[in-house]
Amino acid sequence: MADDMRARIYAVADIHGKQNRLIAILNNIDQWRPDVLVFAGDITGYTRALKTVEALSSLSIPMLFVRGNTDRQHFETLMAALPTTQNLHLRQVEINGLNFVGVSGTLPLPFHSKIQFNEAETVDRLDRLLTRASILVCHPPPMGMCDRVGGRYHAGSRAIYNLVVKHKPAVVICGHIHEAFGSGVLKGVRIVNCAMAEDHEGVLMDIQDDLNMTLTWLPTTSDEG
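Residues numbered from 1 in each chain as written. Predicted model: local features only at pLDDT ≥ 70, side-chain atom pairs only at ≥ 80, totals over all residues. Heavy atoms only, no water.

Digging into the sheet that holds strand β2 (residues 36–40)
Alright, step 1. Pairing is mixed across the open sheet formed by 6 strands, whose spatial order is β4-β3-β2-β1-β13-β14. Because the sheet does not close on itself, it has two edges, and the strands there are β4 (85–87) and β14 (213–219). The mean angle between the axes of side-by-side strands here comes to 20 degrees, regardless of whether they run parallel or antiparallel.
Alright, step 2. Direction of pairing for strand β3 (residues 63–66) relative to β4: parallel, over a ladder of 3 bridges. Each residue of the ladder has a partner; that of Phe-65, found in β4, is Asn-87. (Pairing = 2+ DSSP bridges. Helix = DSSP H or I, 4+ residues; strand = E, 2+ residues; numbered from the N terminus. Axes fitted to C-alpha atoms, helices over the stretch in contact; angles between N-to-C directions.)

Points about the environment of Val-53
Alright, step 1. Tracing the backbone through its elements, the reader meets Val-53 in helix α2 (residues 49–56).
Alright, step 2. Expressed as a C-alpha distance, the spacing of Val-53 and Leu-82, which sit 29 residues apart in the sequence, is 8.2 Å.
Alright, step 3. If near-sequence neighbours (up to four positions away) are discounted, Val-53 is found in contact with Phe-75, Leu-78, Met-79 and Leu-82. (Contact = heavy atoms within 4.5 Å.)

Considerations on helix α5 (residues 158–167)
Alright, step 1. Every buried residue belonging to α5 is among Ala-159, Ile-160, Tyr-161, Leu-163, Val-164 and His-167, and all of these are buried.
Alright, step 2. For α5, the N-terminal cap is Ser-157; the gap from its side-chain oxygen to the backbone nitrogen of Ala-159 is 3.3 Å.
Alright, step 3. Once α5 ends, the next one or two residues include Lys-168, with phi positive near 50 degrees. (Buried < 20%, exposed > 50% of the residue type's maximum accessible area, 1.4 Å probe, protein only. Polar contact = N/O pair within 3.5 Å; in protein donor to acceptor, adjacent residues only side chain to side chain.)

Some words on the nonpolar core
Alright, step 1. If you look at the biggest cluster of nonpolar residues, it comprises 24 residues, and the most contacted ones within it are Tyr-10, Val-12, Ile-25, Leu-37, Phe-39 and Leu-56.
Alright, step 2. If you list the elements that add at least two residues to this core, you get β1 (5–12), α1 (19–32), β2, α2, β3 and α3 (73–80).
Alright, step 3. For this core, the element with the most residues is α2, which contributes 4 residues.
Alright, step 4. Ala-7, Ile-9, Ala-11 and Ile-207 belong to the second largest nonpolar core, which has 23 residues in total. (Core = buried A, V, L, I, M, F, W, Y, C linked by side-chain atoms within 4.5 Å.)

Looking at the sheet that holds strand β10 (residues 171–174)
Alright, step 1. Pairing in this open sheet of 6 strands is mixed, and the strands run β5-β6-β7-β10-β12-β11 from one edge to the other. With one partner strand each, in any of the chains shown, β5 (92–95) and β11 (182–186) form the two edges of the open sheet. The average angle at which neighbouring strand axes cross in this sheet is 25 degrees, direction not considered.
Alright, step 2. Across the sheet, α5 is in contact with β6 (98–103), β7 (134–138), β10, β11 and β12 (189–193); its angle to β11 comes to roughly 55 degrees.

A short note on the packing of α2 against α3
Alright, step 1. At a minimum axis separation of 10 Å, α2 and α3 run at an interaxial angle of 25 degrees. As judged from the angle between their axes, α2 and α3 are roughly parallel. Crossing angle aside, the handedness with which α2 passes α3 is right-handed. Counting all contacts with α2, which are made through Ala-49, Leu-50, Thr-52, Val-53 and Leu-56, the residues of α3 involved are Phe-75, Leu-78 and Met-79.
Alright, step 2. The class makeup of the residues in the contact of α2 with α3 is 7 nonpolar, 1 polar and no charged. (Parallel < 35°, antiparallel > 145°, perpendicular 65-115°, else oblique. Left-handed = near helix turned anticlockwise from the far one by under 90°. Nonpolar A, V, L, I, M, F, W, Y, C, P; charged D, E, K, R; others polar.)

Examining the side chain of Arg-67
Alright, step 1. Topologically, Arg-67 is positioned in the loop between β3 and α3.
Alright, step 2. Classification of Arg-67 as buried rests on a relative accessible area of 7%.

Observations concerning the confidence of the model for the chain
For any part of a model where pLDDT is low, the fine detail of the predicted coordinates should not be relied upon.
Alright, step 1. Here the chain shows a mean pLDDT of 89. Residues at 70 or above account for 90%.
Alright, step 2. pLDDT under 50 marks residues 109–117. Its contacts with residues more than four places away, or in other chains, come to 33 contacts. (pLDDT = per-residue confidence, 0-100.)

Structural notes on the environment of His-89
Alright, step 1. With respect to the element layout, His-89 can be found in the loop between β4 and β5.
Alright, step 2. Between the C-alpha atoms of His-89 and Val-137, which are 48 residues apart in sequence, the distance is 8.8 Å.
Alright, step 3. Within the local environment of His-89, its side chain forms a polar contact with the backbone nitrogen of Ser-104, the two atoms lying 2.9 Å apart.

Some points on the packing of aromatic side chains
Alright, step 1. Per the counting criterion, the structure on display carries 2 aromatic pairs.
Alright, step 2. Summarising the aromatic geometry, the rings of Phe-65 and Phe-75 are spaced 5.5 Å apart at their centres and angled 75 degrees between planes, so their arrangement reads as edge-to-face. Pair noted here: Phe-65 is in strand β3 and Phe-75 is in helix α3, with a separation of 10 residues, a long-range link. For the pair Phe-65 and Phe-75, one class covers both residues: buried.
Alright, step 3. Directly above the ring of Tyr-161 sits Arg-158, whose terminal nitrogen or CZ lies 5.6 Å from the centroid. (Phe/Tyr/Trp six-rings, centres within 6.5 Å; stacked < 30°, edge-to-face > 60°. Lys NZ or Arg CZ within 6 Å of the ring centre and 35° of its normal.)

Below you can see the structure in the form of structure tokens.
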């Protein structure tokens, strides 16, 4: 690790309880030795919560997570039993001097979600937590960035967009729109959609002391299934 590196984050989203994706995550942690594993939602597939948590139970590095639109509330209870795991929903967690802030579920989107929180209340609470030094972890991307469905229309969250424009956090880690994985810059803020897909297994984010970062997308090493 470089002298000026504060932390290495391994960020993933949209695992959907698939065992091959969980195995890939464990293998990548062994190989790349991140300081923290960040889940940006849709970790389970409605009915695979216990198997998912069991697969993660051997990890000793810190794990931070927010729920997506397929993660039921019971998943939070199961994850709370793991000693290295913290739920980021409307909380601040500091690791290696980095300030992580999260929000679970989906703020209003153009299509239906089974987990959607009251927008006004949620945005108000996030408003009080975010700073320019924050790493915001959420499931949906902000409207207009890493959110194009089928290459046709934008399906991100307007509320997340407004929060990003107002607070200019250091980076936003998100997922949800599988085919729009990748990164971009919105009003000077780096947006990273780390949704797992057929050709990659998430992203390593090497964060320097000045909060600049290097992104390394990890290629798929296992068969999708």
